[in-house]
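Summary of structural features
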Amino acid sequence: VIGRNDNTNYFWITINPSPNITLKELQKEIERYVKRTFIKSYIYVYEQRGSEANEKNIGEGVHSHILIERDMSANVSPYDIQKRTRVAFKNICDSQNKSILHFKQMPEEYIIDKFNYLTNKNLDEDHKDKEEKQEYDKIWREKNLIKNYYALGNLKIKYEEYIIQNARQENSEEISEE
C-alpha cells in the first residue's frame, strides 16, 4: 500500500500501453514523465514480448519499465507520486488498472534486483522466460534505434557501477575456467 508519508525513495513502474499506441507516443510520454520535478534520478527501458517461438510477433507487446528515485526536496508523498504517475499515462493506457500500469514502492536494497531484471542477470525461476525475449529485445531495439537503457542521475551512476562490477565478475570467472 502506498503511504502518504512514507520515506521510501524508489519506485518501480511498468507501463503497458494500449495496442493502438505507437512506440513514438510511448517514448514521448515517458520522456515527458521523467522530467517531473519529483524525480531526482531514473533508469528506464523499452521492451517487447516477441520471441523465437513466434517471430511474427516481435515488436508486439511494447512496454516500459521505469525505476525512479524521488526528489525529497520536491516534498511530494509516495501517494501523490502514484496519483501523478497514473494521470501522466492516462492517455496511453488504462492507468487505473494495476496490471496495465504497475506502480510499486521499493526500498533501496531492491535496486540491484531491478537492475538484474533489466539486464537479464540472476533471474528467479518465475522470470527465466525473459532470457529469450531479451535477445529479441536487442534486435527490436536496434531496428527501432532505441538505446538499451535511458538513465540520469544517481540511478545512472549506480547502474553503470553495476555493469562494471558484472563485467569484472564475468572476466574473473572466464580466467578461473582457463
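Let me begin by describing the structure that accompanies this report. (Residues numbered from 1 in each chain as written. Predicted model: local features only at pLDDT ≥ 70, side-chain atom pairs only at ≥ 80, totals over all residues. Heavy atoms only, no water.)

A few words on the overall build of the protein. Of the regular secondary structure elements, the protein holds five helices and five strands. Ordered by position from N to C terminus, the α and β elements of the protein give β-α-β-β-α-β-α-α-β-α. Once local pairs closer than 6 in sequence are excluded, the contacts in the protein between residues at least 24 apart make up 71%. As displayed, the protein has an accessible area near 10,700 Å², and 45% of this comes from carbon and sulfur atoms. (Helix = DSSP H or I, 4+ residues; strand = E, 2+ residues; numbered from the N terminus. Contact = heavy atoms within 4.5 Å. Areas by Shrake-Rupley, 256 points an atom, 1.4 Å probe, with all protein chains shown as cover.)

Let us now look at the environment of Y46. Counting through the fold element by element, Y46 comes out in strand β2 (residues 39–47). Residue Y46 is classed as buried on the basis of its relative accessible area, which comes to 1%. Considering only alpha carbons, one finds Y46 and K147, 101 residues apart in sequence, at a separation of 8.5 Å. Not counting residues up to four positions away in its chain, the partners in contact with Y46 are L23, L26, Q27, I30, H63, S64, W140, R141, I146 and Y150. (Buried < 20%, exposed > 50% of the residue type's maximum accessible area, 1.4 Å probe, protein only.)

By the definition in use, this model includes three salt bridges. As a salt-bridge pair, R32 and E29 come within 3.5 Å of each other at their nearest N and O atoms. Here E29 and R32 lie together in helix α1 (residues 23–33), a separation of three residues that amounts to about one turn. A relative accessible area of 43% means that R32 is categorised as partly exposed. K158 is paired through a salt bridge with E108; the nearest N and O atoms lie 2.5 Å apart. Of this pair, K158 sits in helix α5 (residues 154–177) while E108 sits in the loop between β4 (101–106) and α3 (111–119), placing them 50 residues apart in sequence. (Salt bridge = Lys/Arg side-chain N within 4 Å of Asp/Glu carboxyl O.)

All right, on to the side chain of S64 then. Tracing the backbone shows S64 in strand β3 (residues 63–70). Ignoring sequence-local partners within four residues, the contact set of S64 consists of I13, T14, I15, L26, I30, Y44, V45 and Y46.

Pairing is antiparallel across the open sheet formed by five strands, whose spatial order is β4-β1-β3-β2-β5. A strand with exactly one partner marks an edge of an open sheet, and here the two such strands are β4 and β5 (150–152). Adjacent strand axes in the sheet meet at a mean angle of 15° when their direction is disregarded. Packed on one face of the sheet, helix α2 (residues 78–88) meets β1 (10–15), β3 and β4 and runs near 160° to β4. (Pairing = 2+ DSSP bridges. Axes fitted to C-alpha atoms, helices over the stretch in contact; angles between N-to-C directions.)

Moving on: the environment of K158. Along the sequence, K158 and I111 sit 47 residues apart, while their C-alpha atoms lie 8.9 Å from each other. Beyond its immediate stretch of four places on either side in the chain, K158 contacts Y10, E108, I111 and F115.

Turning our eyes to something else, we now look at the nonpolar core. In terms of nonpolar packing, the biggest core is built from 28 residues, with I15, I30, Y33, Y46, I66, I68 and F89 touching the most fellow members. When residues of this core are traced back to their parent elements, those giving at least two are β1, α1, β2, β3, α2 and β4. In terms of nonpolar packing, the next biggest core, distinct from the first, is built from 14 residues, Y10, I43, L155 and Y159 among them. (Core = buried A, V, L, I, M, F, W, Y, C linked by side-chain atoms within 4.5 Å.)

On to the pairing of β1, then. For β1, the buried fraction is high: six of the six residues fall into the buried class. Covered by surrounding structure in β1 are Y10, W12 and T14 together with F11, I13 and I15, the residues of both alternating faces. Sheet analysis places β1 next to β3, joined by six bridges and oriented antiparallel. Looking across to β3, one finds that W12 is bridged to L67.

Right, let's get into the packing of aromatic side chains. A full pass over the atoms with the stated rule returns 12 aromatic pairs. When the ring of Y44 is compared with that of Y46, the centres are 5.7 Å apart and the planes differ by 85°; the resulting orientation is edge-to-face. No difference in accessibility class separates Y44 from Y46, as the two residues are buried. A centroid spacing of 5.9 Å and a plane angle of 25° characterise the contact between Y159 and Y162, whose relative ring orientation is stacked. On the criterion of helical spacing, the pair formed by Y159 and Y162 is a turn pair, its members being three residues apart in helix α5. Here the aromatic residues Y42, Y44, Y46 and Y150 are joined through ring pairs into a cluster of three or more. (Phe/Tyr/Trp six-rings, centres within 6.5 Å; stacked < 30°, edge-to-face > 60°.)

The values reported here are purely geometric and, on their own, carry no functional implication.
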